[in-house]
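Single-letter residue listing:
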Amino acid sequence: MADLRIDLAGIKSPNPFWLASAPPTNSGYQVQRAFEAGWGGAVWKTLGDPILNVSSRFAAVSFNGQRVAGFNNIELITDRPLEVNLQEIYETKKRFPHHAIIASLMVEPKQEKWHEIVKRVEDVGVDGLELNFGCPHGMAERGMGSASGQVPELVEKQTYWVKEASKTPVIVKLTPNITDITATAEAATRGGADAVSMINTINSLAGVDLDTWNTVPHVAGKGAHGGYCGPAVKPIALNMVAECARNPLINVPISGIGGISNWQDAAEFILMGAMGVQVCTAAMHHGFSIVEDMIDGLNNYLDDKGIASVMDLVGRSVSRYSNWGDLDLNYKIVAEINNDVCINCNKCHIACEDTSHQCIDLYSEDGRPILKVREEDCVGCNLCSIVCPVDGAITMVERKSSIPPMTWNERQTLISSLSK
């Protein structure tokens, strides 16, 4: 059995699965239940000056029969007194000394405010701090959350202020509501961050009720933008983690967040550079017990790969992630259709004929419908294999090229040199 223990910037945890700062970590009762279920750590729901929340708060986007493909919320940080949260953190850490408890913090961008709250939360024994520079609604209108997180100078300055006062590792949680997340990740690194976490929620509106014309959710007939998370945001989050992991100026560990619903998602984030992962929506959808399958699945995967420790998996795919200009223009794959498996739904033919490269022919052979790819016209776009509902019916296969590899950047360099 593989070793799932991690050490993220000095924060030790029995496994890489943490609960993200969100409703599931709102109280000591919940966090203790989570630890009993097997979660390795928890980032406490964001602490600061208690606020007033509204009702209702959540909305979900379902797609093609899948419930909660995306999740939207307009909930803010904790509405419970700081003293109550601190007491529960103290009691939880005392009961679970080997699990990671990280305090998520959000205050006004003032040095004295950060120094004050850092001292108070570290006094109760947290293992680390996470600075919430990501929340896109409610708090942002007050100059906090993503309002700070979208400004690299503020990210750097506030990280520095926290590091002045902190004794425990500092994680900076980044907003995805920005053109280039590496700009703020670099700023956090310059400010002295021990790690970064990403992504926080994406600005969103879940929908509009076509009967009442109210937004979803709404509060007495009024709506507001909220934060979007869940499986739908995973590709966005994975890209941002990868961009930061391959950036040499961001030389700190990454805690990956965004649409992680199972062990496979977690393994992808770890391969792309995350040292651990944080989960919210999946726990809200299915309960704390989902971590059992995550732990078992990751353990079995590592054993199958012959990898002794999850820490040995971190970043193994980063070197394979590049820019478009570095891709081989002469690499060739084509689609192959297995007509013994094909159910003749013709989705591949329709998709290729209407929206791709018209390279799948449909004809009859001994009275039997047959689909065949004209390889000379196939560009290897993958569309046919994507829309095919039957595993194994369409395979993308590599074809040897007689032309040597050449990237766009190499081509441009060659053209430039020949023109001189």
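For the structure, check the block above.
The numbering scheme is per chain: residues are counted from 1 as the chain's sequence reads. The model is predicted, so local features are restricted to residues of pLDDT at least 70 and side-chain atom pairs to those at 80 or more, both for listing and for counting; the totals for chains, interfaces and linings are taken over all residues. Side-chain figures throughout are based on the complete set of non-hydrogen atoms in the structure, without hydrogens or water.

### Things to note about the overall build of the protein
Then, number 1: Going along the chain from the N terminus, every DSSP run of H or I of four or more residues is numbered as a helix, and every run of E of two or more is numbered as a strand. Within the protein, the secondary structure is distributed over 13 helices and 20 strands.
Then, number 2: Dimensions of the protein, computed from C-alpha atoms along their principal axes, come out at roughly 80 × 60 × 45 Å.
Then, number 3: The rule is simple: take the accessible area with a 1.4 Å probe, protein chains only, and divide by the maximum for that residue type; under 20% is buried, over 50% is exposed, in between is partly exposed. For the protein, buried positions account for 50% of its 420 residues.
Then, number 4: In the protein, 72% of the contacts between residues at least 6 apart in sequence involve partners at least 24 apart.
Then, number 5: Surface accessibility of the protein: about 20,200 Å² in total, with carbon and sulfur atoms responsible for 52%.
Then, number 6: Here Asp and Glu are counted as negative and Lys and Arg as positive; His is not counted, and neither are the chain ends. By convention, the charge on Lys lies at NZ, on Arg at CZ, on Asp at CG and on Glu at CD. Of the charged side chains in the protein, 35 are positive and 49 negative; the average position of the first set lies 4 Å away from that of the second. In this description, contact between two residues means that some pair of their heavy atoms is separated by no more than 4.5 Å. Here the open area of atoms and residues is found with the Shrake-Rupley method and a 1.4 Å probe, where only the protein chains shown may cover a residue.

### Details of the packing of aromatic side chains
Then, number 1: What counts as a ring pair is set by centres within 6.5 Å for rings of Phe, Tyr and Trp (its six-membered ring), and what kind of pair is set by the plane angle: stacked under 30 degrees, edge-to-face over 60, tilted for all other angles. Evaluation of the coordinates by the stated rule reveals 4 aromatic pairs.
Then, number 2: Ring geometry for Phe-35 against Phe-96: centres 5.4 Å apart, planes inclined by 65°, an arrangement best described as edge-to-face. Of this pair, Phe-35 sits in helix α1 (residues 28-37) while Phe-96 sits in the loop between α2 (82-95) and β7 (100-105), placing them 61 residues apart in sequence. Neither residue differs from the other here; Phe-35 and Phe-96 are each classed as buried.
Then, number 3: For the ring pair Trp-263 and Tyr-301, a centre distance of 5.3 Å and an interplane angle of 40° mean the geometry is tilted. A residue pair is termed long-range when its members are at least 10 positions apart, and Trp-263 in helix α8 (residues 263-271) and Tyr-301 in helix α10 (residues 290-305) qualify at 38 residues.

### So, the pattern of salt bridges
Then, number 1: Salt bridge, as used here, is a side-chain nitrogen of Lys or Arg placed within 4 Å of a carboxyl oxygen of Asp or Glu. Tallied over the full model, the rule gives 22 salt bridges.
Then, number 2: For Arg-95, the salt bridge identified is with Glu-36, shortest N-O distance 2.4 Å. Of this pair, Arg-95 sits in helix α2 while Glu-36 sits in helix α1, placing them 59 residues apart in sequence.
Then, number 3: The class of Arg-95 is partly exposed, set by a relative accessible area of 46%.
Then, number 4: For Lys-110, the salt bridge identified is with Glu-108, shortest N-O distance 3.4 Å.

### As for the sheet that holds strand β4 (residues 41-47)
Then, number 1: Strands were regarded as paired on the criterion that DSSP finds at least two bridges between them. In space, the 8 strands of this closed barrel follow the order β3-β4-β7-β8-β9-β10-β15-β16, with parallel pairing throughout. Strand-to-strand twist in this sheet, taken as the mean axis angle between neighbours without regard to direction, amounts to 25°.
Then, number 2: Across the sheet, α8 touches β3 (17-19), β15 (254-257) and β16 (274-279), and the angle it forms with β16 is around 145°. In this analysis an axis means a line fitted to C-alpha atoms, helices contributing only their contacting stretch, and an angle means the value between N-to-C directions, from 0 to 180 degrees.

### Some remarks on helix α3 (residues 111-122)
Then, number 1: Helix span is expected to be 1.5 Å times the residue number reduced by one. In this model, α3 (12 residues) spans 17 Å end to end at C-alpha, consistent with the 16 Å of a helix rising 1.5 Å per residue.
Then, number 2: Burial in α3 covers these residues: Trp-114, Ile-117, Val-118, Val-121 and Glu-122. Buried positions in α3, seen along its axis, are confined to an arc of 125° and lie on one side of it. Exposed side of α3, more than 90 degrees from the buried face: Glu-112 and Lys-119 are the residues found there. Of all possible arcs, the one meant is that of the directions from the helix axis to the C-beta atoms.

### Remarks on the environment of Ile-171
Then, number 1: Structurally, Ile-171 can be placed in strand β9 (residues 170-174).
Then, number 2: With 68 residues separating them along the chain, Ile-171 and Ala-103 place their C-alpha atoms 9.8 Å apart.
Then, number 3: Aside from chain neighbours lying at most four places away, what touches Ile-171 is Leu-8, Ile-11, Trp-18, Leu-129, Glu-130, Leu-131, Ala-195, Val-196 and Ser-197.

### Quick word on the side chain of Glu-122
Then, number 1: Take Glu-122: it is sitting in helix α3.
Then, number 2: No salt bridge is formed by the buried Glu-122, whose closest oppositely charged neighbour, Lys-167, lies at an N-O distance of 6.0 Å.
Then, number 3: In protein, a polar contact requires one atom able to donate a hydrogen and another able to accept it; more generally it is a pair of N or O atoms within 3.5 Å, and residues adjacent in sequence count only if both atoms are side-chain atoms. A polar side-chain atom of Glu-122 sits 2.6 Å from a polar atom in the side chain of Thr-168.
Then, number 4: Once residues within four sequence positions are removed from consideration, Glu-122 is found in contact with Leu-129, Ala-165, Ser-166, Lys-167 and Thr-168.

### Describing the packing of helix α6 (residues 181-190) against helix α7 (residues 234-245)
Then, number 1: It is at 10 Å that the axes of α6 and α7 come closest, and there the two elements cross at 50°. The angle between the axes of α6 and α7 places the two elements in the oblique class. Crossing of α6 over α7 shows right-handed handedness. Contacts between α6 and α7 involve Ile-181, Thr-182 and Ala-185 on the former and, on the latter, Met-240, Glu-243 and Cys-244. These descriptions rest on fixed angle ranges, namely under 35 degrees for roughly parallel, over 145 for roughly antiparallel, 65 to 115 for roughly perpendicular, and the rest for oblique. Crossings are assigned a handedness: left-handed for a near helix turned anticlockwise from the far helix by less than a right angle, right-handed for a clockwise turn.

### Here's the deal with the pairing of β4
Then, number 1: Judged by how many residues are buried, β4 sits mostly within the fold: 7 of 7 residues are covered.
Then, number 2: The pairing of β3 with β4 spans 2 bridges and is parallel. By the bridge assignment, Leu-19 is partnered in β4 with Ala-42.
Then, number 3: Classification remark: right-handed applies to a crossover when, strands pointing away from the viewer, the course from the first strand over the helix to the second runs clockwise. Chirality of the crossover, the property in question, places the unit of β3, α1 and β4 among those that are right-handed.

### Here we look at the environment of Gly-207
Then, number 1: Checked against the element boundaries, Gly-207 lands in strand β12 (residues 207-208).
Then, number 2: Judged by its relative accessible area of 22%, Gly-207 falls in the partly exposed class.
Then, number 3: A sequence separation of 145 residues divides Gly-207 from Ser-62, and the C-alpha atoms of the two residues are 11 Å apart.
Then, number 4: Not counting residues up to four positions away in its chain, the partners in contact with Gly-207 are Asn-214, Thr-215 and Val-216.

By themselves these figures say nothing about function.
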